[in-house]
Amino acid sequence: QFDAGRTGPSGPDARGEGGDKILVSMGRLTAQKGFDVLIRSFASLAVKHPDWRLVIYGEGAERTNLEKLRNVSSCSGKISLPGLTSDVRSALGEANIFVLPSRFEGYPNVLLEALSVSLPIVATDCPGGTREILADGTYGVLVPPDDGRLAFDRSGSRDKSLEIFDDFAHETHWGHLDLVLGR
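Residues numbered from 1 in each chain as written. Predicted model: local features only at pLDDT ≥ 70, side-chain atom pairs only at ≥ 80, totals over all residues. Heavy atoms only, no water.

Draft legend 1. Structural context of unusual backbone geometry. A positive phi is found at Ser118, a non-glycine position, where the angle reads about 60 degrees. Looking at where Ser118 falls in the secondary structure, it is placed in the loop between α4 (109-116) and β5 (121-124). Although it is not a glycine, Asp136 sits at a positive phi angle of roughly 55 degrees. (Helix = DSSP H or I, 4+ residues; strand = E, 2+ residues; numbered from the N terminus.)

Pasting the structure below:
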């Protein structure tokens, strides 16, 4: 159920227009989903790139632990856990990059939802269909599960990684949905 008191990103900064850029993730707040790794990874990214925010949608048993982790990070004001959303498409549509940090998955439908709004994707190459959905990395960047860098500095330079994301976004932003849907 959507909690109107915990709203997500909206307004003029959607997709980075006139404001912060947004990394978004969503799912059950459980250890399986790897949101702890995402928060730690984002904290290292945010130090050098203060124009980025992280929004994690969802509810679950790990909420308190994730809030504590966020609160002790160096960028607690840049990380939000708005709870559930009843409008996944809008939440994804306001983001610049979708991140799936899971340790394992069943079948990650949220990747299909991120593809449907043409988001660049960074996902862990975990058991459960991620590699198949992203066609061996054709439609997103695949990284090892529990990789504390989540590709943000896998080239050794956070600046270079953000350039890679920018290039990926421009090359695939509108094109890969048609490919996935067979149009």
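Back to the write-up after that little detour.
Draft legend 2. Structural context of the side chain of Thr130. Mapped onto the elements, Thr130 comes out in helix α5 (residues 130-133). On the basis of relative accessibility, which here comes to 0%, the residue Thr130 falls in the buried class. Contacts of Thr130, omitting those with residues within four sequence positions, involve Leu100, Glu105, Pro108, Leu111, Ala123, Thr124 and Leu142. (Buried < 20%, exposed > 50% of the residue type's maximum accessible area, 1.4 Å probe, protein only. Contact = heavy atoms within 4.5 Å.)

Draft legend 3. Up close: the pairing of strand β4 (residues 97-100). Here β4 shows two buried faces, one formed by Ile97 and Val99 and the other by Phe98 and Leu100. Examined bridge by bridge, strand β1 (residues 21-26) and β4 share two bridges and lie parallel to one another. In the strand pairing of β4, Val24 is matched with Phe98. Here β4 runs beside β5; their pairing, made up of three bridges, is parallel. What sits directly across from Val99, in β5, is Val122. Handedness of the crossover is the feature at issue here: the chain leaves β4, passes through α4, returns alongside β5, and the resulting connection is right-handed. (Pairing = 2+ DSSP bridges. Right-handed = clockwise from strand over helix to strand, strands pointing away.)

So, to be careful, I would describe these as geometric facts and stop short of saying anything about function.
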